[in-house]
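# Inside the fold
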Amino acid sequence: MNKLTKRLSLSLVSLLFLGGCALADSGASSTASSASSEADSATVVAGTGGMPPPYVTVDNQNNLTGYDIDVIKEVFKRLPDRELKLELTDIPSVLTGVNTGNYDIGVNNFSYNEERAQNYLYSYPYNNAKYCFIHHKDNKIESLDQAAQAGLTYIGDPSTNNTAAVKKYNEDHPDKPITIEYSDAEIPVKYQQIEADPKKFAIDDYPIYNLNQENYHYDQLEAHPMSDQDKDYLNSSILAYFLFAKNDKGQALRDEVNQVLKEMAEDGTIKKLTEEHFGQDQTPAKEHYEKPLN
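All of the points below concern the structure found in this document. As the structure is a computational prediction, the values presented were derived from the model and not from experiment.

For the protein chain, the helix and strand inventory stands at 13 helices and 13 strands. Split by element, the accessible area of the protein chain, about 13900 Å² in all, is 48% carbon and sulfur.

The following block contains the structure:
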């Protein structure tokens, strides 16, 4: 209990820290729309939710950092006629802001789903993550079938494609569905809940799990790779994309960004950045740079 209490305290500190950063940036965020319209051809405002690490995070100096941030900064280094401005907010505001024009790009390890594709344009992918089951040592999970048979409960954010994958599994297995516990808790808190209750499990990618394991030392948790059958439920959600508005301005900006992302994949920059952040090459396959998703 002392260890769990300590971790919860650390998580609360983290939440307060991020909340403080969001408040500190609120004035800048409110001017994003006017900044974008006044310098339409030069200034690009990118919105991000500031989490989860190692994709997006906020350091001790209130600077945005992480893999996604390094990628988008590199993209605009190669677009000298454009000026990138990063704005910290929350995920719902990123999505709404791209639609309303407050933000020109959404940057937050966004995955693909059909509903979202109806409202946003997707860039070429810039990361190919490796997903896994996060489970208690007392309940090893190798497949969704095994989780269902064991009566385990999946815990996850309702807005993620990981949760959508479990929902899709349940649609295909109505006689033995997996119980879903919806939660928007921070990832460290979610892992604490799994440690405290061996009947719960989650789905995340290895970089997220490894970073949290390194920071919080969950000695009761393990990660196990998903089976090929289970990966099918995730579809292309293992790939990460930038989001743009579905209009002429968004289309033009996406075309510029796509050209650079393709160059970065071909010249090894994405390989270099993924190895720096994740310890392995997570460059998407060449065929993903042939044609945009939508």
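Let us keep going from here.
Another aspect to go through is the sheet that holds strand β12 (residues 221-225). Sheet architecture is open: 5 strands sit in the order β10-β9-β11-β8-β12, paired in mixed fashion. Looking at the sheet topology across the chains shown, the edges are occupied by β10 (179-182) and β12. Across the sheet, the mean angle from the axis of one strand to that of its neighbour is 35 degrees, orientation sign disregarded. Contacts from helix α9 (residues 187-196) reach β8 (131-136), β9 (153-156), β10, β11 (200-205) and β12, with the element oriented near 145 degrees to β11. Seen against the sheet, helix α10 (residues 206-216) touches β8, β11 and β12 and runs at an angle of roughly 160 degrees to β12.

Moving on to the packing of helix α4 (residues 67-77) against helix α12 (residues 248-266). With their axes 10 Å apart at the nearest point, α4 and α12 run at an angle of 105 degrees to one another. Considering their axes alone, α4 and α12 lie roughly perpendicular with respect to each other. Contact with α4, carried on its side by V71, E74, V75 and F76, involves L253, V257, V260, L261 and M264 of α12 and no other residues of that element. Among the residues making up the contact of α4 with α12, the classes are represented as 8 nonpolar, no polar and 1 charged.

Here we take up unusual backbone geometry. For the bond running from M51 to P52, omega is 5 degrees, close enough to zero to count as cis. Note the cis peptide between P53 and P54, where omega equals 5 degrees. When you line up the elements, P54 lands in the loop between β1 (43-48) and β2 (57-58). Even without a glycine there, the phi angle at N109 is positive, about 55 degrees. One non-glycine residue, H217, lies in positive phi territory at about 55 degrees.

Checked against the element boundaries, D205 lands in strand β11. At 2.5 Å, the side chain of D205 forms a polar contact with the side chain of Y55. Side-chain polar atoms of D205 contact the backbone nitrogen of I208, separated by 2.9 Å. Setting aside anything within four residues of it in sequence, one finds D205 in contact with Y55, N109, A129, K130, Y131 and C132.

So, about helix α5 (residues 91-100). For α5, every residue scored as buried is listed here: V94, L95, G97 and V98. Angularly, the buried residues of α5 cover 165 degrees about the axis, an arc narrow enough to put them on a single face. The exposed residues of α5 that point more than 90 degrees off its buried face are P92 and T100. Along its buried surface, α5 packs onto β1, β5 (105-110), α6 (114-117), β6 (120-122) and β13 (239-245). Following α5 by one or two positions, G101 adopts a phi angle in the positive range, close to 95 degrees.

Criteria and thresholds
Residues numbered from 1 in each chain as written. Predicted model: local features only at pLDDT ≥ 70, side-chain atom pairs only at ≥ 80, totals over all residues. Heavy atoms only, no water. Helix = DSSP H or I, 4+ residues; strand = E, 2+ residues; numbered from the N terminus. Areas by Shrake-Rupley, 256 points an atom, 1.4 Å probe, with all protein chains shown as cover. Pairing = 2+ DSSP bridges. Axes fitted to C-alpha atoms, helices over the stretch in contact; angles between N-to-C directions. Contact = heavy atoms within 4.5 Å. Parallel < 35°, antiparallel > 145°, perpendicular 65-115°, else oblique. Nonpolar A, V, L, I, M, F, W, Y, C, P; charged D, E, K, R; others polar. Polar contact = N/O pair within 3.5 Å; in protein donor to acceptor, adjacent residues only side chain to side chain. Buried < 20%, exposed > 50% of the residue type's maximum accessible area, 1.4 Å probe, protein only. Arc of directions from axis to C-beta.

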